[in-house]
Structures are given as C-alpha cells and as structure tokens.
Amino acid sequence: MICVISGGVGAARFLRGAQHAIAHNKLVTIVNTGDDTVMHGLSISPDLDTVTYTVSESIDPERGWGLANETFVTMENLARFTDVRPAHSLAGESWFGLGNRDLATHFYRTTRLAEGATLAEVTAEITQAFGIGFRVVPMTNDRVSTMVTLVDGSEISFQEYFVKLRHSVAIRSVRFAGVAEASALGLNDMSSADAIIIAPSNPIVSIGPMRALKNFDATLTARRDTVVAISPIVAGAALKGPADRMMSEMGHEPSVVGVARLYAPIASTLVIDTADEHLISAVEREGMRCIATNTVMKTAEISAALTQTCLSAIGVAT
Ligand code: FO1
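What comes next is a walk through the structure. Since this is a predicted model, take the numbers as computed values, not measurements.

Okay, unusual backbone geometry next. Its identity is not glycine, yet E57 carries a phi of approximately 60°, on the positive side. Position of E57 among the secondary structure elements: in the loop between α2 (46–55) and α3 (73–77). For N215, which is not glycine, the phi dihedral falls at a positive 70°. The residue N215 is located in the loop between α8 (208–211) and α9 (216–222) in this model.

Here's what the structure looks like:
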C-alpha cells in the first residue's frame, strides 16, 4: 500500500499521475480539510474536491479548482441583493466563486452530512461518483479550521486570506481551530504502508493541519525510513499559491533547504527539482537524503515518473 499525504493543487496534480504508476487497490491518499468552509449554508471541502476533480480529469485546468466548462450564473444573480443586504449579513456574498456545476457536489455533501454521514463516507461516495478507483480519505471527520493571523494582529479564516484577500497580505501566524479535539483518520494506513509520499503541497497550511493532528507526526516519524517528501518549492518559489511567502513570513527559508528543515523529523528523503540540484548537499546537511528530478508536473506522465522516483528512492516497487 502506498499512502500519499495531500493538500490541494500540487497534490492533485501528483495523484493524477501516481494513479497510473500504482495499482488502485494499493493507493490511498489522506487529504487536508483545514481549508474547509461553510458558505451559503453549504459544506465545502476544497482540497478534497480539487483532488477529486483533478484525478477524474474534470477540473478546470486554468483555475486549478472547480469544474471545467463552469458557469457562475447563481453567483452573478446574488448581486441583485447587494443593496438590500444588512451591513453585517453574510447572505449573498460572492467573493468565493461557487460554480453552478460545482454546487451539485456541495448540495450532495451538505445533505449527506446533515443526514449523519461522516465526511469520510461522503467523500467515498463522491469519489466513486467521479469514477476514482483508489481511496480518498479526509484527514479527520471532525471540524478543523485553518485560521490566519495577519501582521496587523487580525485573525481571518483561510479562505478569507486565500480568496477574499487573494493572499496578498503578510501573515504573522496560523492556527488550526479544533485540531486538538479532532481524531486523525488514516493513521493505520500510514502505519502499515509500504511507502508514504508527502505530495508537493504547502507545508504550512496544507500539510501543517495534518501534522497538528494527534499522533500524525509520531506515526510518520516511526516510519521515517519509508517517508519521501516532494518539495513544493522550486528555485525558491512555489509553482502556485503562497507557500514560499508564507514560509518566509513564518521565519522559514523559502527554499528546498527550508522545506528540509520542516520535513527532516518525519521524512528520510526529499525529492527536489533539477533546478535546485546545486542544493542537494545543503539538503543532506539537514539530515535528509536528497534526489533531484523533474518535479514540474505539466503532464500526468511526469507525475507518474515522479512517483516511480519517489518509490525507488526507498526501494519500493510499484
Ligand atoms: N480559489 C480562488 O482563488 N478563488 C475562488 O473563488 C475559489 C472558489 C472555490 C470554490 C470551491 C472550491 O472547492 C475551491 C475554491 N477555490 C477558490 C480554491 C480554494 O480557495 C482552495 O482552498 C485553494 O485552492 C487552496 O487549496
């Protein structure tokens, strides 16, 4: 069994190829739910949906989230209420773009949760409906909400930071509300896996919430020799999103060496892009083995090759 620890877009792109390099009954992914939010009364799980939509080739390729051939007619019609809405009201907010096709997923998830289904059960139903052949497991069934404190001391939700403010503001810290009470799912998968791959996701707000779950880090540390991480930072920058800026704003070096310092306790090997191969020895000085290869996943074939590189790095055949 190969267990992939996933956040959003980067992890989804990796899984799109990994699913061709690993037999479906030997692949499971544990996905971040710290981005989850409730909008217009709907339960929304962005990283679960980005993984589901990308792996099933339903994703909108430009945005990297939501569905292809999408329309936002319902969002546009909310503008009718802008002038009548009371100042404090959240009704009719449209800064978080919910496409009309995407709404069907949120309708389904919201009703199933209201009926008492767990997020893991609903995710299994949704991924099956999208024809995904391997297990997609939320990091927990409990509510964990990533909160971001800005440099001015104000605290906002992750989606307000990422979407409403377009992550264009400096942050001071993040916290994961509810994580202390939450029960991690997937620990058994991680304990019994032949290999664990940490996908190229934001170490702070995509992998961070999972690591904050009770026993999550300890489980990885106990299996450290079988854990391979892929750097989401290439040549000092994130390929998409604010991972580099968030790292430096939180006092970490936004480079493969900074990533190694974050991951050294839980992973024995760091896979970096060839653009950073001059930093291999610097990464190894942080106590990790280091391999350079093409990690810019423009195609599913590159993701599949990257999967093979990760697995052969720890001597695991697919
Ligand atoms: N990201 C945006 O940048 N703008 C949006 O309007 C937006 C809407 C949205 C709706 C549903 C969904 O599942 C994801 C959505 N995302 C949007 C992405 C979301 O913010 C993710 O949390 C990020 O991609 C980080 O993983």
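Still more to cover.
Our next topic: the sheet that holds strand β1 (residues 2–6). Strand order in the open sheet made by the seven strands is β5-β2-β1-β9-β10-β13-β14, with parallel pairing throughout. Whereas interior strands pair on both sides, the edge strands pair on one side only; in this sheet they are β5 (135–138) and β14 (289–293). Taking the axes of each pair of neighbouring strands and ignoring which way they run, one obtains an average angle of 20° across the sheet. Where β1 and strand β2 (residues 27–31) come together, five bridges link them in parallel fashion. For I2, the partnering residue across the bridge sits in β2 and is L27. Sheet strands in contact with helix α11 (residues 256–263) are β9 (195–198), β10 (227–230) and β13 (269–273), and its direction is about 160° off that of β13.

Another aspect to go through is the environment of S89. Tracing the chain through its elements places S89 in the loop between α3 and α4 (100–114). Taking relative accessible area as the criterion, S89 reaches 17% and is therefore assigned buried. Remark: the alpha-carbon pair of S89 and K298, spanning 209 residues in sequence, is separated by 42 Å. Among the polar contacts made by the side chain of S89, one reaches the main-chain amide nitrogen of A91 at a distance of 2.9 Å.

Around the ligand, the neighbouring residues are D35, P46, D47, W65, W95, F96, G97, D102, F158, Q159, F162 and V163. A distance of 2.9 Å separates an oxygen atom of the ligand from a polar atom in the side chain of D47. About the coverage of the ligand: the protein hides 89% of its 520 Å² of free accessible area. Elements represented by at least two residues in the shell around the ligand include exactly α2 and α6 (158–164). Residue composition of the shell around the ligand, by class: seven nonpolar, two polar and three charged.

About the criteria used
- Within each chain, residues carry numbers counting from 1 in the order of the written sequence.
- The predicted origin of the model limits local features to residues at a pLDDT of at least 70 and limits the giving and counting of side-chain atom pairs to 80 or more, whereas totals for whole chains, interfaces and linings rest on all residues.
- Excluding hydrogens and water, the side-chain values take into account all heavy atoms of the structure.
- Helix and strand definitions follow DSSP, with helices as H or I runs of at least four residues and strands as E runs of at least two, each counted in order from the N terminus.
- Strand pairing is defined by DSSP finding a minimum of two bridges between the two strands.
- What counts as an axis is a line fitted to C-alpha atoms, over the stretch in contact for a helix, and the angles between N-to-C directions run from 0 to 180 degrees.
- Contacts were defined at the residue level, with two residues in contact if any of their heavy atoms lie within 4.5 Å.
- Using a 1.4 Å probe on the protein chains alone, a residue whose accessible area is under 20% of its type maximum counts as buried, one over 50% counts as exposed, and one in between counts as partly exposed.
- We define a polar contact as two N or O atoms separated by no more than 3.5 Å, with the added condition that, inside protein, one atom must be a possible hydrogen donor and the other a possible acceptor, whereas residues neighbouring each other in sequence contribute only through side-chain atom pairs.
- Working definition: residue near molecule or strand if any one of its non-hydrogen atoms lies within 4 Å of it.
- Accessible surface is estimated by sampling points in the Shrake-Rupley manner with a 1.4 Å probe; for residues, cover comes only from the protein chains shown.
- Following the grouping adopted for this structure description, the nonpolar residues are Ala, Val, Leu, Ile, Met, Phe, Trp, Tyr, Cys and Pro, the charged ones are Asp, Glu, Lys and Arg, and the polar ones are all others, Gly among them.

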